[in-house]
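A closer look at the structure
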Amino acid sequence: MFSNVEKKLQKAAKVLCVVGTILAFAYMFICITAGINLLDYGGGRLMIAGPIVGLLIFLSVMLSTWVLYGFGEIIKELKENNRLLRLGLGEEECEEEEK
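Residue numbers restart at each chain and count upward from 1, following the sequence in its written direction. pLDDT decides what is reported in this predicted model: residues at 70 or higher carry local features, side-chain atom pairs at 80 or more are listed and counted, and totals for whole chains, interfaces and linings draw on all residues regardless. With hydrogens and water set aside, each side-chain value is computed from the structure's full complement of heavy atoms.

**Brief notes about the overall build of the protein chain**
- Helix numbering and strand numbering both begin at the N terminus, where a helix is a DSSP run of H or I of at least 4 residues and a strand a DSSP run of E of at least 2. The helix and strand inventory of the protein chain stands at three helices and zero strands.
- The order of helices and strands in the protein chain, counted from the N terminus, is α-α-α.
- Partly exposed describes any residue whose relative accessible area lies between the buried limit of under 20% and the exposed limit of over 50%, with all areas from a 1.4 Å probe on protein chains only and scaled to the type maximum. Counting every position in the protein chain, which comprises 99 residues, the buried fraction comes to 20%.
- Taking all contacts inside the protein chain whose residues are at least 6 apart in sequence as the whole, residues at least 24 apart take part in 67%.
- Where accessible areas are quoted, they stem from the Shrake-Rupley method and a 1.4 Å probe; at the residue level, only the protein chains shown are allowed to cover. Just so you have it, the protein chain exposes about 7,600 Å², and 70% of that area is on carbon and sulfur atoms. Only heavy atoms enter the contact rule, under which two residues are in contact if any of them lie within 4.5 Å.

Spelled out as structure tokens, the structure:
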């Protein structure tokens, strides 16, 4: 479950980005069409507020997925650095330093 966590975080970020983007644009589309259908009952506000809220949802999804993907990238680079350090020092020296 916890092996290759960096790849899992990056994959989760990509999936969340796609799903969040689809949901944000679906929300905007639904609000606009509902606003058109309800123009006689104040639907104009819904036509204005819907895309604004949808855009805020889209921006928050993008920001959170960038952070999640970046965290996965940091973990990947740290693992690579640790591997290179172990090769440079040798396994015996690393085990002695950990104790």
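**A closer look at unusual backbone geometry**
- Here N4, not a glycine, exhibits a phi torsion of approximately 55°, which is positive.
- On the secondary structure map, N4 appears in the segment before α1 (5–37).
- N4 gets classed as partly exposed once you look at its relative accessible area, which sits at 41%.

**Examining helix α2 (residues 43–89)**
- Take the number of residues in a helix, subtract one, and multiply by 1.5 Å to get its expected span. If you check α2, its first and last C-alpha atoms are 68 Å apart, about what 47 residues at 1.5 Å a residue would give, namely 69 Å.
- Listed as buried for α2 are G43, G50, G54, V61, M62, T65, G72 and I75.

**Side note on the confidence of the model for the protein chain**
- Overall, the predicted model of the protein chain reaches an average pLDDT of 87, with 90% of residues at or above 70.
- Put simply, helix α3 (residues 91–98) is where the protein chain has its lowest mean pLDDT, 61, and α1 is where it has its highest, 92. What pLDDT expresses is the predictor's confidence in each residue, scored from 0 to 100.

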